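Listed below, chain by chain, are the residues.
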Amino acid sequence: EGENQHLAEEIMKANVLLESFGNAKTTRNDNSSRFGRYTKLFFDAQKGYKIVGCNVDHYLLERSRVVSHMETERSYHIFYMMLESGSGSEYQLSGGVEDYLYTRSSAKVKDRDDKEEFKDLLDAMTKAGFGSEMQKQILQGVAAVLLLGNVEFSG
């Protein structure tokens, strides 16, 4: 029973990762999935059909949401989580949501604590086996997207 419970917790932690990077606020839903995935759960009939594994086969992201959303919506949760976490300076981010093109003019999400959810994300990443260096590299990539959104071209 303990092993099955641990596995179920691991699957739920993976969901935290997917939602942080793939969900956004839309006009209809504060936590709308903006990706598609095919999740396979594996059961062992000899153990009373307990879950013995999980595999996510596909991950399709709505890329346009990164650069554009209506004012009644917001982009992917990870951007707001990172900016509200207090950790932005570690990734050369300064200021808040209104200082970045991809996050300014976004709707607020009622009852959502982006700072606390960022802590939950880091915990989930650690429990999913992402080492501190890998986490840093992933978050540097997220920060790079925010910073590139503020680049202006002329000429």
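Residues numbered from 1 in each chain as written. Predicted model: local features only at pLDDT ≥ 70, side-chain atom pairs only at ≥ 80, totals over all residues. Heavy atoms only, no water.

With that settled, consider the overall build of the chain. Helix and strand counts for the chain come out as five helices and four strands. Reading the helices (α) and strands (β) of the chain from amino to carboxyl end gives α-β-β-β-β-α-α-α-α. Across the 155 residues that make up the chain, the buried fraction comes to 32%. When contacts within the chain are restricted to residue pairs at least 6 apart in sequence, long-range pairs at least 24 apart make up 62% of them. (Helix = DSSP H or I, 4+ residues; strand = E, 2+ residues; numbered from the N terminus. Buried < 20%, exposed > 50% of the residue type's maximum accessible area, 1.4 Å probe, protein only. Contact = heavy atoms within 4.5 Å.)

What follows is about the nonpolar core. In this structure, Ile-78, Phe-79, Met-82, Leu-93, Phe-118, Leu-121 and Leu-146 are the most contacted members of the largest nonpolar core, which totals 21 residues. The set of elements that each furnish at least two residues to this core consists of helix 3 (77-84), helix 4 (114-127) and helix 5 (132-149). (Core = buried A, V, L, I, M, F, W, Y, C linked by side-chain atoms within 4.5 Å.)

Before going further, it helps to spend a moment on the packing of helix 3 against helix 4. Where helix 3 meets helix 4, the axes come as close as 8 Å, and the angle between the chain directions of the two elements is 105 degrees. As the angle between them shows, helix 3 and helix 4 are arranged roughly perpendicular. On helix 4, the residues touching Ile-78, Tyr-80, Met-81, Met-82 and Glu-84 of helix 3 are Asp-114, Lys-115, Glu-117, Phe-118 and Leu-121. Broken down by class, the residue content of the contact of helix 3 with helix 4 amounts to six nonpolar, no polar and four charged. (Axes fitted to C-alpha atoms, helices over the stretch in contact; angles between N-to-C directions. Parallel < 35°, antiparallel > 145°, perpendicular 65-115°, else oblique. Nonpolar A, V, L, I, M, F, W, Y, C, P; charged D, E, K, R; others polar.)

Turning our eyes to something else, we now look at helix 5. Its 18 residues give helix 5 an end-to-end C-alpha distance of 26 Å, which sits within 8% of 26 Å, the value for a rise of 1.5 Å per residue. What helix 5 keeps buried is the set Gln-135, Leu-139, Val-142, Ala-143, Leu-146 and Gly-149. Down the axis of helix 5, the smallest arc covering the buried residues is 110 degrees, so these residues share one side. (Expected span 1.5 Å × (residues − 1). Arc of directions from axis to C-beta.)

This paragraph deals with the confidence of the model for the chain. This prediction gives the chain a mean pLDDT of 81; 77% of its residues lie at or above 70. When pLDDT is averaged over each helix and strand of the chain, the minimum, 61, is found for strand 1 (residues 23-24) and the maximum, 95, for helix 5. (pLDDT = per-residue confidence, 0-100.)

Where charged atoms of side chains with opposite charge meet at close range, the side chains can pair. What the rule picks out here adds up to five salt bridges. Of the charged contacts in the structure, one is a salt bridge between Arg-112 and Glu-117, with a shortest N-O distance of 2.6 Å. Under the relative-accessibility criterion, Glu-117 is labelled partly exposed at 25%. What you see here is one network of salt bridges that share partners, running through Arg-74, Arg-112, Asp-114 and Glu-117. (Salt bridge = Lys/Arg side-chain N within 4 Å of Asp/Glu carboxyl O.)

Attention now goes to the packing of helix 4 against helix 5. Running from N to C, helix 4 and helix 5 point in directions that differ by 135 degrees, and their axes come no closer than 10 Å. Relative to helix 5, the element helix 4 is oriented oblique. Between helix 4 and helix 5 the crossing geometry is right-handed. Between helix 4 and helix 5, the contacting residues are Phe-118, Leu-122, Met-125 and Thr-126 on the first element and Gln-135, Ile-138 and Leu-139 on the second. Tallied by class, the residues present in the contact of helix 4 with helix 5 amount to five nonpolar, two polar and no charged. (Left-handed = near helix turned anticlockwise from the far one by under 90°.)

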